[in-house]
Amino acid sequence: RRAGRALTVADQLTSRSPQDPSDVVVTVADVGRDGVGRATDRARAAQVGWAATPFDRSAALGRCADALAQAAPEITDLVVREVGKPRAEARGEVARGVAILRYFAQDALLPTGQVFPAAGPGTWLQTHRRPLGVAGLITPWNFPVAIPLWKAAPALAHGNAVVLKPAPQSPAVALRLAELFAGLLPDGVFQVVPGGAEAGSAVAELTDVVSFTGSAAAGAHVRRAAAERGVPVQCEMGGSNA
């Protein structure tokens with residue numbers, strides 16, 4: 001149910017295998033704006049404690065990498081089934097996802113600031129980088145493991161929480177990643193919000209930093225929504241060397 005009423009077909013996302021449209025991979029509720037709002041609230045509450053524990057963040061991302069590596073055959077099969085990717089390419093993408101998580105597990109322990117020459121004696125001039133809060137990620141169907149993790153891993157490593165809205169065509173892979181990471185990351189730190197355009201707009205309008213990969217038309221909307229609020233936004237839109 002959403003907003004106190006029974007779900008209709010319009011409230012649902014059905015992922016079908018492109019090589020066999022009769023094969024329904026998953027049917028899930030479209031969370032809509034309300035669901036994104038609730039997820040963002042949970043993420044914002046969880047982010048405070050997550051940001052304060054860099055060594056825990058590093059260890060947790062390492063455990064996520066191990067979990068994905070252990071589940072690699074299953075996730076490879078799911079990528080092939082849900083997005084129609086050739087098996088060798090799907091296997092390579094999952095391996096890349098493992099490598100991304102392991103890389104950013106170490107990145108979490110990098111220095112968080114610098115010291116600069118001061119204007120006079122007895123003065124201390126220092127910078128300190130802080131997490132932005134809740135990172136809203138909007139990702140496409142064609143790389144359902146690598147692109148979400150390429151965005152989520154650095155955000156998590158540096159103390160942000162993540163709300164991920166995958167493409168409507170490939171929610172099953174994203175939801176399976178969330179299941180793998182459940183218990184390895186604090187509750188609320190990594191959430192998947194399946195949905196269509198309404199959910200995507202809500203991510204752009206409610207989170208503290210936005211990263212988008214997708215079409216030029218959708219990216220233009222995301223860019224405007226974030227810019228109007230004055231939050232950082234990253235848009236990778238169609239084309240070579242985007």
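In short, a report on the structure. Computed from a predicted model, the values in this text were never measured in an experiment. (Residues numbered from 1 in each chain as written. Predicted model: local features only at pLDDT ≥ 70, side-chain atom pairs only at ≥ 80, totals over all residues. Heavy atoms only, no water.)

1. So, the layout of surface pockets
Logical step 1: Empty space within the largest pocket amounts to approximately 630 Å³.
Logical step 2: Considering the residues around the largest pocket, the lining is formed by 33 residues, among which Lys 151, Pro 154, Ala 155, His 158 and Asn 160 are closest to the centre.
Logical step 3: Where the lining of the largest pocket is concerned, the elements lending two or more residues are α4 (87–107), β5 (134–138), α5 (146–157), β8 (209–214) and β9 (233–237).
Logical step 4: Per element, the largest residue contribution to the lining of the largest pocket is seven residues, and it comes from α5.
Logical step 5: A class-by-class count of the residues in the lining of the largest pocket yields 19 nonpolar, eight polar and six charged. (1 Å grid on protein atoms, 1.4 Å probe; cavity = no way out; pocket = protein on both sides within 12 Å on 5 of 7 lines; lining within 4 Å. Points joined across faces, edges and corners; volume = space filled by probe spheres on them. Helix = DSSP H or I, 4+ residues; strand = E, 2+ residues; numbered from the N terminus. Nonpolar A, V, L, I, M, F, W, Y, C, P; charged D, E, K, R; others polar.)

2. Re empty space enclosed by the protein
Using a probe with the size of a water molecule, rolled over the atoms, empty space left in the structure can be pinpointed.
Logical step 1: Taken as a whole, this structure holds one cavity of 30 Å³ or more when the rule is applied.
Logical step 2: Together, Leu 61, Cys 64, Leu 101, Leu 149, Ala 152, Ala 153, Leu 156, Phe 181, Leu 185 and Phe 190 line the largest cavity.
Logical step 3: Counting residues per element, the ones that place at least two in the lining of the largest cavity are α2 (54–70) and α5.
Logical step 4: With four residues, α5 is the largest single contributor of residues to the lining of the largest cavity.

3. Some details on the sheet that holds strand β6 (residues 161–165)
Logical step 1: Spatial ordering of the open sheet is given by β7-β6-β5-β8-β9, a layout of five strands whose pairing is parallel. Lying at the two open borders of the sheet, with one neighbouring strand each, are β7 (190–192) and β9. Neighbour-to-neighbour, the strand axes of this sheet turn through a mean angle of 10°, independent of strand direction.
Logical step 2: Across five bridges, the pairing between β5 and β6 is parallel. Bridge pairing in β6 places Val 134 opposite Ala 161. (Pairing = 2+ DSSP bridges. Axes fitted to C-alpha atoms, helices over the stretch in contact; angles between N-to-C directions.)

4. As for the packing of aromatic side chains
Logical step 1: According to the stated counting rule, one finds three aromatic pairs in the structure shown.
Logical step 2: With centroids separated by 6.0 Å and ring planes inclined at 75°, the aromatic side chains of Phe 104 and Trp 150 adopt a geometry described as edge-to-face. Here Phe 104 is found in helix α4, whereas its partner Trp 150 is found in helix α5, with 46 residues between them in sequence.
Logical step 3: Assessed through its relative accessible area of 9%, Phe 104 is described here as buried.
Logical step 4: On the basis of an interplanar angle of 65° and a centroid distance of 5.6 Å, the ring pair of Phe 181 and Phe 190 is categorised as edge-to-face. (Phe/Tyr/Trp six-rings, centres within 6.5 Å; stacked < 30°, edge-to-face > 60°. Buried < 20%, exposed > 50% of the residue type's maximum accessible area, 1.4 Å probe, protein only.)

5. Regarding the nonpolar core
Logical step 1: Core analysis: the largest hydrophobic core is formed by 45 residues, its most contacted members being Leu 68, Leu 101, Leu 156, Val 162, Phe 181 and Phe 190.
Logical step 2: When neighbours within four sequence positions are excluded, Phe 181 is seen to be in contact with Cys 64, Leu 101, Leu 149 and Phe 190.
Logical step 3: Grouped together as the second largest cluster of nonpolar side chains are 19 residues, Ala 43, Val 134, Ala 161 and Ala 226 included. (Core = buried A, V, L, I, M, F, W, Y, C linked by side-chain atoms within 4.5 Å. Contact = heavy atoms within 4.5 Å.)

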